[in-house]
Amino acid sequence: MTLLLGPPGAGKTSLLLALAGTLPSSLKMSGDIIYNGHTMDEFVPRRSAAYVSQHDLHMAELTVRETVNFSAKCQGIGHRFDLLMELSRREKEENIKPDPEIDIYLKAAATGEQKAEVVTNHILKVLGLDICADTLVGNNMLRGISGGQKKRVTTAEMLVTPGRALFMDEISTGLDSSTTFQIVNSIRQTIHIIGGTAVIALLQPAPETYELFDDIILLSDGQVVYNGPREHVLEFFKSMGFKCPERKGVADFLQEIKGNTG
Ligand SMILES: Nc1ncnc2c1ncn2[C@@H]1O[C@H](COP(=O)(O)OP(=O)(O)OP(=O)(O)O)[C@@H](O)[C@H]1O
Ligand SMILES: [Mg+2]
């Protein structure tokens, strides 16, 4: 799980789009992108990678549940369903009483037909969207869910996909730090269970959110300034002559370094 940091215009969106294989063909690109040793033309990156856009584009007339369900049905749900089934199998083995919520999912799942619905419900719950599941998404003309909820619908739409490489662009805009923490934390858990990859661009992550990441990429003017483990980032910049002041969040400090170098 990697945190992508950089000032506006540094090239975060461009990098994420390139990695997800969705960079517009009109743009020139150099270098190679390899997924586990396979180049982009050997498989369909759109099926294995999910790019969560910085902007929310939705059908205003659909409810939250319909939006996510539509996405699940179109893109497929892959391993998530199997994950839930595996959970129930192990719980039976260990004689653990399942959480009533999960139990309901599994009973629904047992009928087989409603796979997409089961996964949709699970994702809505994880992102805290269950309270507005049947509210219209809305737009400027049509009153719907709040801005922060809309942001989470954008994330939910891509989280239901079978992709194991997630690229998320500023998913925290319009959310408070505790909601961001919860969302990033649940993404972290899913990623670690399925052995996936997530690159998440965040503006001003709180220290506890920052601590959730394994790796950091710091961009400045389109150049990668740092790419490596989170633990070594302070040491690295100290050796370059940038010392993080006490009582300052590391993420804020990193965002400021670009100002000094630029
Ligand atoms: N089609 C294009 N043609 C020319 N320049 C472009 C094009 N698309 C993006 N750029 C430029 O590339 C740079 C990086 O843009 P990008 O959207 O990746 O920044 P960002 O880090 O995502 O910024 P923000 O945090 O504001 O979203 C910007 O200077 C932008 O103007
Ligand atoms: Mg951007």
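This text follows the structure it describes.
Residues numbered from 1 in each chain as written. Chains lettered and ligands numbered in written order. Predicted model: local features only at pLDDT ≥ 70, side-chain atom pairs only at ≥ 80, totals over all residues. Heavy atoms only, no water.

(A) Structural context of a nonpolar patch on the surface. A cluster of nonpolar side chains, contributed by Leu 136, Met 141 and Leu 142, occupies part of the molecular surface with about 300 Å² of accessible area. Among the structural elements, Met 141 can be located in the loop between α6 (115–126) and α7 (147–159). The exposed category is assigned to Met 141, whose relative accessible area is 78%. (Patch = residues over 30% accessible without salt bridge, like charges linked within 9 Å, V, L, I, M, F, W, Y side chains within 5 Å. Areas by Shrake-Rupley, 256 points an atom, 1.4 Å probe, with all protein chains shown as cover. Salt bridge = Lys/Arg side-chain N within 4 Å of Asp/Glu carboxyl O. Helix = DSSP H or I, 4+ residues; strand = E, 2+ residues; numbered from the N terminus. Buried < 20%, exposed > 50% of the residue type's maximum accessible area, 1.4 Å probe, protein only.)

(B) Focus on the coordination of the magnesium ion (ligand 2). Coordination sphere of the magnesium ion (ligand 2), protein contribution only: Thr 13 (OG1) and Gln 54 (OE1), at 1.9 to 2.3 Å. Here Gln 54 lies in the loop between β4 (49–52) and α3 (64–75) and Thr 13 lies in helix α1 (residues 12–20), a separation of 41 residues in the sequence. (Donors = N, O, S within 2.8 Å, 3.2 Å for Na, K, Ca; no water.)

(C) Structural context of the nonpolar core. Counting 48 residues, the largest nonpolar core has Ile 187, Ile 200 and Leu 254 as the members making the most contacts within it. Counting residues per element, this core draws most heavily on helix α11 (residues 250–261), which supplies 5 residues. Each of domain 1 (1–43 + 164–262) and domain 2 (58–161) contributes no fewer than three residues to this core. Among residues more than four places away in sequence, those in contact with Ile 200 are Met 1, Thr 2, Leu 3, Leu 4, Met 168, Ile 171, Ile 187 and Phe 213. Listed in part, the 17 residues of the second largest apolar core include Ala 10, Leu 17, Tyr 51 and Ala 201. (Core = buried A, V, L, I, M, F, W, Y, C linked by side-chain atoms within 4.5 Å. Domains from an automatic or database assignment. Contact = heavy atoms within 4.5 Å.)

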